[in-house]
Amino acid sequence: MTQDIAQSAQTAPDDVPDVAEVLEQLRLAEARLARRRQHESGLTETDRAAMRFLLERVDGAEVTPTMVANAVHLSPAAGTALIDRLVARGMVHVEPHPRDRRKKLVRPFDRTADPDHLDPLTTQLRDLAARLPAQEARVIAAFLEKVRAAVVATVAATTVSP
C-alpha cells in the first residue's frame with residue numbers, strides 16, 4: 001500500500017512529479033527504519049554513522065574524536081558524548097596519540113567489522129547515486145542540499161538553549 005501511495009504521488013495528473021509528497025514518504029520511511037534499527041541494535045542513526053566512518057578508515061589515517069564529530073555533524077561536546085556511548089557499548093576504544101599528547105585516537109574494537117553489514121542502506125544509496133547521469137546528479141544534489149539546509153534551519157530555530 002505504501003508503495004502504491006508513493007507511486008501515485010510521484011506523478012500528478014499532468015505528469016509532473018509531486019516531489020513534496022515523495023519527500024514526505026521518504027521522511028516517513030526513514031523514521032520507521034530508524035526506529036526499527038535502533039530497537040534492534042540499540043544504536044542511533046548517529047552512532048551507526050560514526051561507526052561506519054571509523055570502519056571505513058580503520059586501515060587509513062588516524063581518527064580523532066573531533067574528526068568523528070565533524071563527520072556526523074555534531075558539536076565537540078555532542079561528539080564527546082557519542083564517543084563515550086560507543087566506548088560504554090564496547091564498540092570503540094580511545095587511546096593517546098603516539099606523537100601528540102594533546103590528541104586522542106578513536107579505534108573500533110572489531111577492526112574486521114564490515115561497514116556494509118552495519119549499514120547496508122548507505123551502500124545501496126551510494127550505488128544508486130553513482131549510477132545517476134552527471135546533470136541529474138547536479139540537480140538532485142542541489143535540491144537535497146536545500147532540503148538539508150531547511151532541516152538544519154528548523155533544528156536551529158527549535159533548539160532550546162540551556
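Before reading on, note that the structure itself is shown above.
Summary of the structure given here. These numbers come from a predicted model, not from an experiment.

### Section: the overall build of the protein
Alright, step 1. Helix and strand content of the protein: 8 helices and 2 strands.
Alright, step 2. Sequence-ordered secondary structure for the protein, helices as α and strands as β, is α-α-α-α-α-β-β-α-α-α.
Alright, step 3. By its C-alpha atoms, the protein is 65 × 40 × 35 Å across when sized along the principal axes.
Alright, step 4. Per-residue burial for the protein yields a buried fraction of 19% across its 162 residues.
Alright, step 5. The distance from the centre of the 22 positive side-chain charges to the centre of the 23 negative ones in the protein is 9 Å.

### Quick look at helix α2 (residues 19-41)
Alright, step 1. With 23 residues, α2 ought to run about 33 Å at 1.5 Å a step, and its terminal C-alpha atoms sit 32 Å apart, in line with that.
Alright, step 2. Directly beyond the C-terminal end of α2, a positive phi value near 80 degrees is found at Gly42.

### As for a nonpolar patch on the surface
Alright, step 1. Taken together, the side chains of Val19, Ile140, Phe143 and Leu144 present a nonpolar region at the surface, about 320 Å² in accessible area.
Alright, step 2. The biggest single contributor to the nonpolar patch is helix α8 (residues 134-158), with 3 residues.
Alright, step 3. Structurally, Leu144 is set in helix α8.

### Things to note about the packing of helix α3 (residues 45-56) against helix α5 (residues 76-88)
Alright, step 1. Across the interface, α3 lies against α5 with an axial gap of 11 Å and an inter-helix angle of 80 degrees. Judged by the inter-axis angle, α3 sits roughly perpendicular to α5. Across the interface between the two elements, Thr46, Asp47, Ala50 and Met51 of α3 pack against Leu82, Arg85 and Leu86 of α5.

### So, α5
Alright, step 1. Between its terminal C-alpha atoms α5 stretches 18 Å, which fits the 18 Å expected from 13 residues at 1.5 Å a residue.
Alright, step 2. Within the span of α5, buried status applies to Gly79, Leu82, Ile83 and Leu86. Summarising the axial view, the buried residues of α5 lie within an arc of 95 degrees, below the 170-degree limit, and thus occupy one face. For α5, the exposed residues lying more than 90 degrees away from the buried face are Ala77 and Ala88.
Alright, step 3. Contact partners of the buried residues in α5: α3, α4 (65-71), β1 (92-96) and β2 (104-108).

Parameters at a glance
- Residues numbered from 1 in each chain as written.
- Predicted model: local features only at pLDDT ≥ 70, side-chain atom pairs only at ≥ 80, totals over all residues.
- Heavy atoms only, no water.
- Helix = DSSP H or I, 4+ residues; strand = E, 2+ residues; numbered from the N terminus.
- Buried < 20%, exposed > 50% of the residue type's maximum accessible area, 1.4 Å probe, protein only.
- Lys, Arg positive; Asp, Glu negative; His and termini not counted.
- Charge placed at Lys NZ, Arg CZ, Asp CG, Glu CD.
- Expected span 1.5 Å × (residues − 1).
- Patch = residues over 30% accessible without salt bridge, like charges linked within 9 Å, V, L, I, M, F, W, Y side chains within 5 Å.
- Areas by Shrake-Rupley, 256 points an atom, 1.4 Å probe, with all protein chains shown as cover.
- Salt bridge = Lys/Arg side-chain N within 4 Å of Asp/Glu carboxyl O.
- Axes fitted to C-alpha atoms, helices over the stretch in contact; angles between N-to-C directions.
- Parallel < 35°, antiparallel > 145°, perpendicular 65-115°, else oblique.
- Contact = heavy atoms within 4.5 Å.
- Arc of directions from axis to C-beta.

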